[in-house]
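An overview of the molecular structure
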Amino acid sequence: MSLKIDIEELINAQVISQSTADDIASYYKSKEASSSGRLLVIFAVLGAILIGSGIILILAHNWDQMPRFLKTIIAFLPLIVGQVLCGYTLSRKSDSKAWREGSSVFLILTIGACIALVSQIYNLPGDLRGFIRGWMILALPIVYIMYSRMGSVLYVMASIQFAILTFGGHDFLGDAAWYSLLIGAVIPFYYHLTKERPVSNAVNFLHWLVPISILFGVGILAHYNEGFMGVTYMSLLGLFYMIGHRDSIQNKGISSSGYLIIGALGTIGLLLVFSFDGFWEWNYSHGTNDDSKTLYAMISAIIISLLAFAGLIYHDRQGTLDNLTPVMPVFLVFIALFVLGKYQPGLSQILINFVILAIAIFTIKSGVKHDHLGILNYGLIIITALLICRFFDTDLTFVLRGVLFIVVGVAFFVVNNIILKRRRAQ
Amino acid sequence: MIFNNEETISKGTEYKFKCMPIDPNDPFRGKYITLSYEVENTEYDQTIGEEYFSDQVLYGTVDVGPDGFAIITHLYTSESDISEDYIAVRIVYVAQDHLKIDVPLDRFYMEEALAQPAEKLVQSQRRDTSIQVYALVSLLRGNPVLTDVYVDGDPIAEYVRLNQDSKN
């Protein structure tokens, strides 16, 4: 209503012509239509999730009063309904996003319900891991056939659950193979989605969920092999950071910055962990021996490091180092320090502290250069975190620690003030 | 799988496995009681010449003991030469001269209101050795199906309801 009044006012004041006014009005009308369409999809998916969850909860009540054949028929009923709905969607409502997403999410949830009920009816043994795996295998075709974005989000969430459930298992090789197959199977869909709709809710969710899933998935190999996992994780986090810096993902808001934020925070976090001397002693007493199981962790460390190195070459394909940020080559430095740490752990620990300090200084410098308060303060926070860590494990006097904290606190005020004054002057 | 299980229930041989229930929960599949079997407390001799390791799957031939309950008479590494009823088990640990096994039929799903009372009731009557708790398992060609758990001759759900009614 207010837009209509404003447009009339602008026409009367001869600021815009009638045809321009018509164009403006039709533009805002189309925006309304797409936002109401999006709302419908959201409600359809929510409705499907609630219905599916309700069915699962009811099924968990245990229907031991019914005869077995009836329970088996009822177990398949929601699944049949889901398949009919999906079939109807494909044949009659293929253009409707609400139908696609709603019916596919419903079918995925009913698959789980059916497996759960049959397990109940026949008291089948089997752990939650096997249940999730079977559910994922049966849900995967639905993601592709129905082109279901929310289906892919649910699938990746299940992969995180699967990875967590495998921790500490005896068959870690088999679990790692299964995890790789399961997550690998959905990557083509994810990639196609990022090309087709690079800015959408589902893609934003996946930009967070996929790296989180891979972080947990790599952890499957950590059992008995903690020694090499530092290198594996540092390279993986570096790779995530570089993916997050790609033009197609960068500068599209925090909601789509999963790779960047996880990579950046994870790298700093891991460096801070390795800045403690106790961790170096622990690291080399776990897994870095001649045990054959360590071989698999070593292979994963090498493969992921090579991928990260390829990412680094890609970012610096012009050979000028201009596209590289301080965090990108950190994994290479870490590999060198990791090897050094086997012979001189004390030296590696000290150098790690300098690496963190260097990243912080470069980050502050970048914040000042780009006039970005967020980046600048992030650099100061890294220094603060480093100080807090050293607070606990060094023999510095309380006075010196206090002075260092005051210096950083003053730096917060001074540097922020300089930036704000500069902005006001401009 | 459903047809195999139905065929086992209708045509298989029923065995009573003595057991003791514990009560956990599965968020997706409902309330169940975990069963631990007396045959799991037995130490089994290793066959000379065979190599064993933890988590290995073995095949135990099943027979009826003198007390009418199932016993595992022998453990084989392969199911191909077995002519009697048998069940797949998993090695829990390998000691110097014996093995400890785990029977995979460790879950019996119950109505959630009955599962915990079932466990408490059976635990409280453990000392009374005249009360027998056993799982009724149908076996056919190595496929086991757990059909019910009995306490003192009654299905466990019925036993719990009767005890709850008598208390009220």
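So, a few notes on the structure that sits alongside this text.

1. Quick notes on the overall build of chain A
Looking only at helices and strands, chain A has 16 helices and zero strands in total. Looking at the 426 residues of chain A, the share that counts as buried comes to 43%. Taking as baseline every contact in chain A between residues at least 6 positions apart, the subset at least 24 positions apart corresponds to 71%.

2. Digging into helix α14 (residues 345-369) of chain A
In an α-helix, one full turn covers 3.6 residues, which means residues spaced three or four apart are oriented alike. Residues and elements named next belong to chain A. Under the 1.5 Å per step criterion, the end-to-end length of α14 is 36 Å for 25 residues, consistent within 8% with the ideal 36 Å. Looking only at α14, the buried set comprises Ser348, Gln349, Ile352, Asn353, Val355, Ile356, Ile359, Ala360, Thr363, Ile364 and Gly367. Following α14 by one or two positions, aspartate 371 has its phi on the positive side, about 55°.

3. What to know about the sheet that holds strand β5 (residues 57-64) of chain B
Sheet architecture is open: five strands sit in the order β4-β8-β7-β5-β6 (chain B), paired in antiparallel fashion. Whereas interior strands pair on both sides, the edge strands pair on one side only; in this sheet they are β4 (44-45) and β6 (70-76) of chain B.

4. Observations regarding the environment of A:Lys421
Residues and elements named next belong to chain A. Along the chain, lysine 421 falls in helix α16 (residues 398-425). Under the relative-accessibility criterion, lysine 421 is labelled exposed at 53%. Separated by 352 residues in the primary sequence, lysine 421 and phenylalanine 69 have C-alpha atoms spaced 78 Å apart.

5. Regarding the pairing of strand β11 (residues 143-151) of chain B
Residues and elements named next belong to chain B. When strand β10 (residues 133-140) meets β11, the two strands line up antiparallel, connected through eight bridges. Of the residues in β11, the one forming a bridge with valine 137 is leucine 146. Here β11 pairs with strand β12 (residues 154-155) via two bridges, running antiparallel. Note on β12: the bridge partner recorded for tyrosine 150 is proline 155. Where β11 folds back on β12, the antiparallel hairpin that results is connected by two residues, among which aspartate 152 adopts a positive phi of roughly 55°.

6. Let's talk about the packing of helix α4 (residues 97-121) of chain A against helix α6 (residues 149-166) of chain A
Residues and elements named next belong to chain A. Taken N-terminus to C-terminus, the directions of α4 and α6 make an angle of 30°; their axes are 8 Å apart at the nearest point. Between α4 and α6, the angle falls in the class roughly parallel. Note on element contacts: α6 touches α4 through Arg149, Met150, Gly151 and Leu154, opposite Lys97, Glu101, Val105 and Ile108. Along the lines of polarity and charge, the residues of the contact of α4 with α6 split into four nonpolar, one polar and three charged.

About the criteria used
Residues numbered from 1 in each chain as written. Chains lettered and ligands numbered in written order. Predicted model: local features only at pLDDT ≥ 70, side-chain atom pairs only at ≥ 80, totals over all residues. Heavy atoms only, no water. Helix = DSSP H or I, 4+ residues; strand = E, 2+ residues; numbered from the N terminus. Buried < 20%, exposed > 50% of the residue type's maximum accessible area, 1.4 Å probe, protein only. Contact = heavy atoms within 4.5 Å. Expected span 1.5 Å × (residues − 1). Pairing = 2+ DSSP bridges. Axes fitted to C-alpha atoms, helices over the stretch in contact; angles between N-to-C directions. Parallel < 35°, antiparallel > 145°, perpendicular 65-115°, else oblique. Nonpolar A, V, L, I, M, F, W, Y, C, P; charged D, E, K, R; others polar.

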